[in-house]
Amino acid sequence: MVSQNKTTERDKIIIVDDDRLNLKIAKQALDDSYDVIPVTSGEKLLATLEKIVPSLILLDMEMPGMNGIDTLRALKAKEEYKSIPVIFLTARNDESIEIKALELGASDYLTKPFSIPRLNQRVRQNIRLLSQQRQLIEYSDTLEERVLEQTEIIYELKNSIVQAWADMVEFRDDVTSGHISRTKEYIAALVKGFNKTTIYKEQLANIDTDLLLTSSQLHDIGKIAIEDKILKKPGALTSEEFAEIKKHASIGEQAIRKIMEGVRAKDFLEYAAVIAASHHEKWDGTGYPNGLKGEDIPLIGRIMAIADVYDALVSERPYKTAFPHEKAVEIIMKDSGTHFDPKLCEVFGSVSDEFKAISFMR
């Protein structure tokens, strides 16, 4: 008896670009793993979608006739196409177009000319995320009937989706490798410290610690919209470049709230949006993006601020060497009442040895 091997259906990717050389390069890069369909215009893409529904679209922004923004807007206006992930491609150094595309629902972007490894990595990440989102939707639709059985599965899927997003950020900002997982552990240590005191007892009682820890991994998601030449710069930033980096807090919140529009179970995303927007605010009101002051800054943002800054201090960066733990503690305690909430600094001081142990997670 002859056995037959079942062929696994491959993901389909449509590449849209009026430059046939770009189409050829991208197709050759992806052909080994995906079924790649090249098209030369936004109009032809919409015609192709009537016959083929891909797992992912790579969309050029600068095309004659129907440009990338117009094409993206048309895609997101149709119910049957709006969930297809779109990575837009651009050779222009125009942040307003990048932000506009993300606001319209693009999931990622690549600057041209792109490297083949980076193209493959972004495609894999987005297809992986789509697969996990589909699973989450399937489970969510049956949640009311099978709530007890599915609760743990939903939790794992949420974590998996958040992890995929966090991985995308870490891949972009490879100089801060491990930062996301370490800050999550720092926050867990702070929460344990809180539980031994009465500091913010009532406020903390209303915070879901599991959601806080999961959501904290998205605090820097806005960095996906920051150009590589700034994000990966091997040296100190200029004032203009730092101004661009600062935009990641607002962009991150906007991106998360855009995702929330299509999700029913959005508690963990609300936490993520608040953390993304507020973790760079300062107790004295000199932070960004909104210049919030004191307890006007959400508590979870103030907690994230300590974890975020501590890890930056004890980590090596292209523009600085790593500070020893003791120096990092000294800096944070010195900034109590200016950068940081004094009550949180009190808790931080009580668990700083745990921070030191976590900092060796490299």
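Bear in mind the structure is a predicted one, so any value in this text is a computation, not a measurement.

Chemist: What is the right way to read the overall build of the protein chain from this model?
Modeler: Counting secondary structure elements, the protein chain contains 16 helices and 5 strands. Counting across all 362 residues of the protein chain, residues that qualify as buried make up 50%. Residue pairs at least 24 apart in sequence account for 65% of intrachain contacts in the protein chain once pairs closer than 6 positions are excluded. Accessible area of the protein chain: about 17,900 Å², with a carbon and sulfur share of 51%.

Chemist: Hey, could you run me through the environment of Arg73 in this one?
Modeler: Within the secondary structure layout, Arg73 lies in helix α3 (residues 68–77). Owing to a relative accessible area of 37%, Arg73 belongs among the partly exposed residues under this scheme. Through-space distance from the C-alpha of Arg73 to that of Ala101 is 8.7 Å; in sequence the pair is 28 residues apart. Once residues lying within four places of it in the same chain are set aside, the contact partners of Arg73 are Lys100 and Leu104.

Chemist: Please clarify how the packing of helix α7 (residues 179–194) against helix α14 (residues 299–314) should be interpreted in this entry.
Modeler: For the pair α7 and α14, the least separation of the axes is 9 Å and the interaxial angle reads 130 degrees. Put simply, α7 runs oblique to α14. As for the relative orientation of α7 and α14, their crossing is right-handed in sense. Residues His179, Arg182, Thr183, Tyr186, Ile187, Leu190 and Phe194 of α7 form the contact with α14, whose own contacting residues are Ile303, Met304, Ile306, Ala307, Asp308, Tyr310, Asp311 and Val314. Classifying every residue of the contact of α7 with α14 by side-chain character gives 10 nonpolar, 2 polar and 3 charged.

Chemist: Which parts of the structure should I look at to understand α3?
Modeler: In an α-helix, one turn spans 3.6 residues, which is why side chains three or four residues apart end up on the same side. Among the residues of α3, Gly68, Ile69, Thr71, Leu72, Leu75 and Lys76 are the ones counted as buried. Each buried residue of α3 sits inside an arc of 160 degrees when the element is viewed along its axis, so together they form one side. A side-chain oxygen of the first residue of α3 lies 3.2 Å from the backbone nitrogen of Ile69; this N-cap is Asn67.

Chemist: Is there a simple way to explain the sheet that holds strand β4 (residues 86–90) in this structure?
Modeler: With respect to topology, 5 strands assemble into an open sheet ordered β2-β1-β3-β4-β5, the strand pairing being parallel. The open sheet has two edge strands, β2 (35–39) and β5 (108–111), and neither has a second partner. In this sheet, neighbouring strand axes are inclined to one another by 20 degrees on average, regardless of whether the strands run parallel or antiparallel. The sheet contact formed by strand β3 (residues 56–60) and β4 spans 4 bridges and is parallel.

Chemist: Honestly, the pattern of salt bridges in this entry has me stumped. Any pointers?
Modeler: Overall, the coordinates contain 16 salt bridges when judged by the stated rule. Of the charged contacts, one joins Glu79 and Lys82 as a salt bridge, the two residues approaching to 3.9 Å between their closest N and O atoms. By relative accessible area, which is 61% here, Glu79 ends up exposed. The partner of Arg257 in a salt bridge is Glu253, and the shortest N-O contact between them spans 3.2 Å.

Chemist: Is there a simple way to think about the environment of Val191 in this case?
Modeler: Looking at where Val191 falls in the secondary structure, it is placed in helix α7. In this structure the C-alpha to C-alpha distance between Val191 and Val351, which are 160 residues apart in sequence, comes to 9.7 Å. Apart from the residues lying within four places of it in its own chain, the contact partners of Val191 are Thr209 and Leu212.

Chemist: Where do I start with the layout of surface pockets in this structure?
Modeler: Unfilled space is identified by rolling a water-sized probe across the atoms. Counted as a void, the second largest pocket has a volume near 880 Å³. Surrounding the second largest pocket, 31 residues form its lining, Phe242, Ile245, His280, Ala312 and Tyr319 being those nearest its centre. Among the secondary structure elements, those contributing two or more residues to the lining of the second largest pocket are α10 (228–231), α11 (239–246) and α14. Across the lining of the second largest pocket, the residue classes break down as 14 nonpolar, 8 polar and 9 charged.

Chemist: For this particular structure, what's the right way to read the side chain of Arg302?
Modeler: Examined against the element boundaries, Arg302 turns out to sit in helix α14. In this structure Arg302 comes out as buried when scored by relative accessible area, which is 5%. Dropping the residues within four chain positions of it, Arg302 is found in contact with Tyr200, Trp283, Gly294, Glu295, Ile297, Asp341 and Leu344.

Chemist: How should the packing of aromatic side chains be read in this particular structure?
Modeler: How two aromatic rings sit relative to each other is given by the distance of their centres and the angle of their planes. This structure, assessed with the given rule, holds 7 aromatic pairs. Taking the centre distance of 4.7 Å and the plane angle of 10 degrees together, the rings of Tyr186 and Phe355 count as stacked. With Tyr186 in helix α7 and Phe355 in helix α16 (residues 342–358), this pair connects stretches of sequence that are 169 residues apart. Here Tyr310 and Phe355 contribute two aromatic rings whose centre-to-centre distance is 5.1 Å and whose plane-to-plane angle is 85 degrees, an arrangement assigned as edge-to-face. Of this pair, Tyr310 sits in helix α14 while Phe355 sits in helix α16, placing them 45 residues apart in sequence. Residue Tyr310 shares its accessibility class with Phe355, and that shared class is buried. An aromatic cluster is built from Tyr186, Tyr310, Phe348 and Phe355, whose rings are joined through pairwise contacts.

Chemist: I'm lost on the nonpolar core in this one. Help?
Modeler: A general trend in soluble globular proteins is that nonpolar side chains are found buried together. Ile256 and Phe355 are the most contacted members of the largest nonpolar core, which has 52 residues in total. Within the residue set of this core, elements represented by two or more residues are α6 (147–172), α7, α9 (209–216), α12 (248–260), α13 (267–278), α14, α15 (325–334) and α16. Ranked by the residues each element gives to this core, the list is headed by α14, at 10 residues. In this view, Phe355 contacts Tyr186, Ala189, Leu190, Ile306, Ala307, Tyr310 and Phe348; residues no more than four positions away in its chain are not counted. Listed in part, the 28 residues of the second largest apolar core include Val16, Leu49, Leu59 and Met66.

Calculation criteria
Residues numbered from 1 in each chain as written. Predicted model: local features only at pLDDT ≥ 70, side-chain atom pairs only at ≥ 80, totals over all residues. Heavy atoms only, no water. Helix = DSSP H or I, 4+ residues; strand = E, 2+ residues; numbered from the N terminus. Buried < 20%, exposed > 50% of the residue type's maximum accessible area, 1.4 Å probe, protein only. Contact = heavy atoms within 4.5 Å. Areas by Shrake-Rupley, 256 points an atom, 1.4 Å probe, with all protein chains shown as cover. Axes fitted to C-alpha atoms, helices over the stretch in contact; angles between N-to-C directions. Parallel < 35°, antiparallel > 145°, perpendicular 65-115°, else oblique. Left-handed = near helix turned anticlockwise from the far one by under 90°. Nonpolar A, V, L, I, M, F, W, Y, C, P; charged D, E, K, R; others polar. Arc of directions from axis to C-beta. Polar contact = N/O pair within 3.5 Å; in protein donor to acceptor, adjacent residues only side chain to side chain. Pairing = 2+ DSSP bridges. Salt bridge = Lys/Arg side-chain N within 4 Å of Asp/Glu carboxyl O. 1 Å grid on protein atoms, 1.4 Å probe; cavity = no way out; pocket = protein on both sides within 12 Å on 5 of 7 lines; lining within 4 Å. Points joined across faces, edges and corners; volume = space filled by probe spheres on them. Phe/Tyr/Trp six-rings, centres within 6.5 Å; stacked < 30°, edge-to-face > 60°. Core = buried A, V, L, I, M, F, W, Y, C linked by side-chain atoms within 4.5 Å.

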